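Next come the chains, spelled out residue by residue.
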Amino acid sequence: VQLQAFGGGLVQAGGSLRLSCAASGRTFRRYAVGWFRRHPGKEREFVAAISWSGGSTNYADSVKGRFTISRDNAENTVYLQMNSLKPEDTAAYYCAASSSQMGPTRFHSVYDYWGQGTQVTVSS
């Protein structure tokens, strides 16, 4: 599975962005997908994840109520809708796919495939 994340950009605080994670491979629908982010000089942190079917989701407390993860298996794409953005959301965002039985987990070590990052910058 190859993943490509895109949709990042510069937005003012309070604004919205939608990130997309496009995948190659017919088995993509078997994978849970997660979004992670890395602030400059900090460790990678979990943002959100979705099960292979889309029926189960998981969010970091810091984004709950503002971000929504969804997927379209027919299009091999996972989305991260980000609303009410804050300057502290500024980071490089990465998507990853996991075949683990753990489902939409926040533990980055169980993700098998990673895309390149897309930069999100929120100005105050």
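1. Some remarks on the pairing of strand β9 (residues 91-98)
Most of β9 sits out of view: seven of its eight residues are buried. Here three bridges tie β9 to strand β11 (residues 118-123), and the two strands are oriented antiparallel to one another. Across the sheet, the residue bridging to Y93 is T118, located in β11.

2. Details of the nonpolar core
Membership of the largest hydrophobic core comes to 35 residues, with the highest contact counts inside it found for W35, L80, M82 and Y93. Of all the secondary structure elements, the ones that give two or more residues to this core are β1 (2-6), β3 (17-24), β4 (32-38), β5 (44-50), β7 (67-72), β8 (77-82), β9 and β11. When sequence neighbours within four positions are dropped, the list of residues in contact with L80 reads L17, R18, L19, W35, V47, A48, F67, T68, I69 and Y93.

3. Some details on the sheet that holds β7
Overall, antiparallel pairing links the four strands, which are arranged β1-β3-β8-β7 in an open sheet. Whereas interior strands pair on both sides, the edge strands pair on one side only; in this sheet they are β1 and β7. Looking at each pair of strands side by side, their axes are set apart by 15° on average, direction ignored. By the bridge criterion, five bridges tie β1 to β3 in an arrangement that is antiparallel. Directly across from F6, in β3, lies its bridge partner S20.

4. Topic: the state of the cysteines
All chains considered together, the criterion is met by one disulfide. Covalently, C21 is tied to C95 through a disulfide, its sulfur atoms 2.2 Å apart. Given an S-S torsion of about 70°, the disulfide between C21 and C95 has right-handed geometry. You can see C21 sitting in strand β3 and its partner C95 sitting in strand β9, a full 74 residues away along the chain.

5. What about unusual backbone geometry?
For N76, which is not glycine, the phi dihedral falls at a positive 55°. Looking at where N76 falls in the secondary structure, it is placed in the loop between β7 and β8. Phi at S84 is positive, roughly 50°, even though this residue is not glycine. Checked against the element boundaries, S84 lands in the loop between β8 and β9. Here S84 falls in the partly exposed class, since its relative accessible area comes to 41%.

6. Digging into the pattern of salt bridges
If you walk through the whole model with that rule in mind, you get four salt bridges. Residue R37 is joined to D89 by a salt bridge in which the shortest nitrogen-to-oxygen separation is 2.9 Å. Of this pair, R37 sits in strand β4 while D89 sits in the loop between β8 and β9; the two residues are 52 residues apart in sequence, bridging distant segments of the chain. For the salt bridge of K64 with D61, the shortest nitrogen-to-oxygen distance reads 3.2 Å. Via salt bridges that share partners, R37, E45, R66 and D89 belong to a single interconnected network.

Cut-offs applied
- Residues numbered from 1 in each chain as written.
- Predicted model: local features only at pLDDT ≥ 70, side-chain atom pairs only at ≥ 80, totals over all residues.
- Heavy atoms only, no water.
- Buried < 20%, exposed > 50% of the residue type's maximum accessible area, 1.4 Å probe, protein only.
- Helix = DSSP H or I, 4+ residues; strand = E, 2+ residues; numbered from the N terminus.
- Pairing = 2+ DSSP bridges.
- Core = buried A, V, L, I, M, F, W, Y, C linked by side-chain atoms within 4.5 Å.
- Contact = heavy atoms within 4.5 Å.
- Axes fitted to C-alpha atoms, helices over the stretch in contact; angles between N-to-C directions.
- Disulfide = S-S within 2.5 Å.
- Salt bridge = Lys/Arg side-chain N within 4 Å of Asp/Glu carboxyl O.

Everything listed here is a matter of geometry and, on its own, says nothing about what the molecule does.
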